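Chains, contacts and geometry: an overview
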Amino acid sequence: MSPDKQDRTEHTAPPRMGRLAAAAVFATTLEWFDFLIYATAAALVLGHQFFPSVSPVAGTLASFATFAVGFVARPLGGIIAGHVGDRFGRKPPLVVAMLVMGVATTAIGVLPGYATIGVWAPILLVVARLVQGLGVGAQWGGAALLLTEHAPVERRGFYGSLVQTGAIFGAVAGNVFFLILTAVLTPEQFDAWGWRVPFLSGLLLVLIGIYVQLKIEDTPVFRELQHRSAESRREAGLRKAPLVEAVRRYWREILQAAGAFFVVNATFYILISGMLDYATKTVGMSRTSILWCVMAAGLTQVVTMPFFGALTDRMGTRKKLYLTGAVLMALFAFPMFWMIDTGSVPLVFLALLIGFTIHATMYGPQATLYAEMFPADVRYSGASLGYQFASVFAGGLAPFIMAALLAATGASWSVSLYIIAGAAVTFVAVATIKERFRRDLYETSDAPVAAPVS
């Protein structure tokens, strides 16, 4: 056994993957629940609560614009967390992210509306949303690496996909919360105070952050890097500025990662948020019906994403399945809206179900694909930058762009073309990736690199 292999064996105890997976998924669920309930609230109530002086269409656009503001802050959160995560461990930025998100979400829940404090209401809403963006931007990389760097190499795709299910659990939980509230409250009660109740759950993230800090060890990959002598660390690439190193040496991979996420992120927010506004205001469906359709169809991803993640472990590639998903999403862009435009609940549900399933073919293996694209010493920075920069131009703006396109054209074909354009960006980005299936995650930027698998 080589010295490096011997050190690795001595200093990385076998992880308890069940506990790690449960903690990572639960933390990610609450993080995304807090972030995504804003999407539902933006579609249903925030327009007239915080922007009552404009028309209903302009109010919806304004509320979706503040939704997008959270995504603008995500790259900054990813930059800070990537630097800290590559220098001091994967766990610290994850814990801080949960605390920050919890405080910001609770603040939105108690924020007075425009009728009470006037123009300060939308201003403070934007500030809270920016802080939310910082938190979620910092969180994803830590949760993804916590699982992928602990996971057995032959099941890396499966465990990496579990991180992604947190977004689905969070979105579904948010929809369930709003369904319950709209069922038990009158419209007047919901508008007055009911919409605030889900945001108060942000305090739970403080408790989860404390648990992760006390009970979960950092990843074996980072612990091995920590164990090396100071000189060995410098030689192996434990940089004082890992972010600079990531951008300098791996800018192509960062751009590829961003492009790979483009249609994935855009369609996700179109499905969970944009469709709520479209189905109620354009198609004429009831709020309850479309919420149930989105929730039920989206919930299937807690099965399909781990399935597709595990499938890539058996296929010997993440890339081919991802490319297939991009093509299918482009092909389904028009049929999806044709089905939704019928207003038939079964057809709307089926359209959303197919859309979410296609989405899962890409989102499921994404965390593992990203982890295998970057060496250990810049992995947090590289993966976070790619993921979060795409979120600004794809996810954050998607509901706003969808509403603007519908307002300009009066027809859903414009949104279908938008989806197809996003799918083309993703296909080109993924096609150019030099895949390193089952890459040795202990490998650093100065270590010899195995021949890539195309």
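Residues numbered from 1 in each chain as written. Predicted model: local features only at pLDDT ≥ 70, side-chain atom pairs only at ≥ 80, totals over all residues. Heavy atoms only, no water.

Re the overall build of the protein chain
When helices and strands are counted, the protein chain shows 21 helices and zero strands. Considering only intrachain contacts with a sequence separation of at least 6, the fraction spanning at least 24 residues in the protein chain is 85%. (Helix = DSSP H or I, 4+ residues; strand = E, 2+ residues; numbered from the N terminus. Contact = heavy atoms within 4.5 Å.)

Re the environment of Ile419
Within the fold, Ile419 resides in helix α21 (residues 413-431). A C-alpha to C-alpha distance of 9.1 Å links Ile419 and Phe334, two positions 85 residues apart in sequence. Those residues in contact with Ile419 that lie beyond four places of it in its chain are Val263, Thr267, Ile270, Met329, Ala333, Met336 and Phe337.

A short note on the pattern of salt bridges
Overall, the coordinates contain nine salt bridges when judged by the stated rule. Glu372 serves as the salt-bridge partner of Arg318, at 3.0 Å between the closest nitrogen and oxygen. Separated by 54 residues along the polypeptide, Arg318 in the loop between α16 (301-315) and α17 (319-340) and Glu372 in helix α18 (residues 345-373) bring together distant segments of the chain. Across this residue pair, the class does not change: Arg318 and Glu372 are buried. When salt bridges that share partners are traced, they join Asp86, Arg90, Glu149 and Arg379 into one network. (Salt bridge = Lys/Arg side-chain N within 4 Å of Asp/Glu carboxyl O. Buried < 20%, exposed > 50% of the residue type's maximum accessible area, 1.4 Å probe, protein only.)

Brief notes about the packing of helix α8 (residues 156-184) against α16
The N-to-C vectors of α8 and α16 enclose an angle of 160°; their axes lie 8 Å apart at closest approach. Our classification of the angle between α8 and α16 gives roughly antiparallel. Remark: the crossing between α8 and α16 carries right-handed chirality. Facing Arg156, Gly157, Phe158, Ser161, Leu162, Gln164, Thr165, Ile168 and Phe169 of α8, the residues of α16 in contact are Gln301, Val302, Met305, Pro306, Gly309, Ala310, Thr312 and Asp313. Its residues placed into classes, the contact of α8 with α16 shows eight nonpolar, seven polar and two charged. (Axes fitted to C-alpha atoms, helices over the stretch in contact; angles between N-to-C directions. Parallel < 35°, antiparallel > 145°, perpendicular 65-115°, else oblique. Left-handed = near helix turned anticlockwise from the far one by under 90°. Nonpolar A, V, L, I, M, F, W, Y, C, P; charged D, E, K, R; others polar.)

As for the confidence of the model for the protein chain
Overall, the predicted model of the protein chain reaches an average pLDDT of 82, with 87% of residues at or above 70. Highest mean pLDDT in the protein chain belongs to α17 (96); lowest belongs to helix α1 (residues 3-11) (44). A low-confidence stretch, residues 1-14 stays under pLDDT 50, and its non-local contacts, those more than four residues away or across chains, total 12 contacts. This model gives residues 448-454 a pLDDT under 50, and the stretch forms 11 contacts once residues within four places in sequence are excluded. (pLDDT = per-residue confidence, 0-100.)

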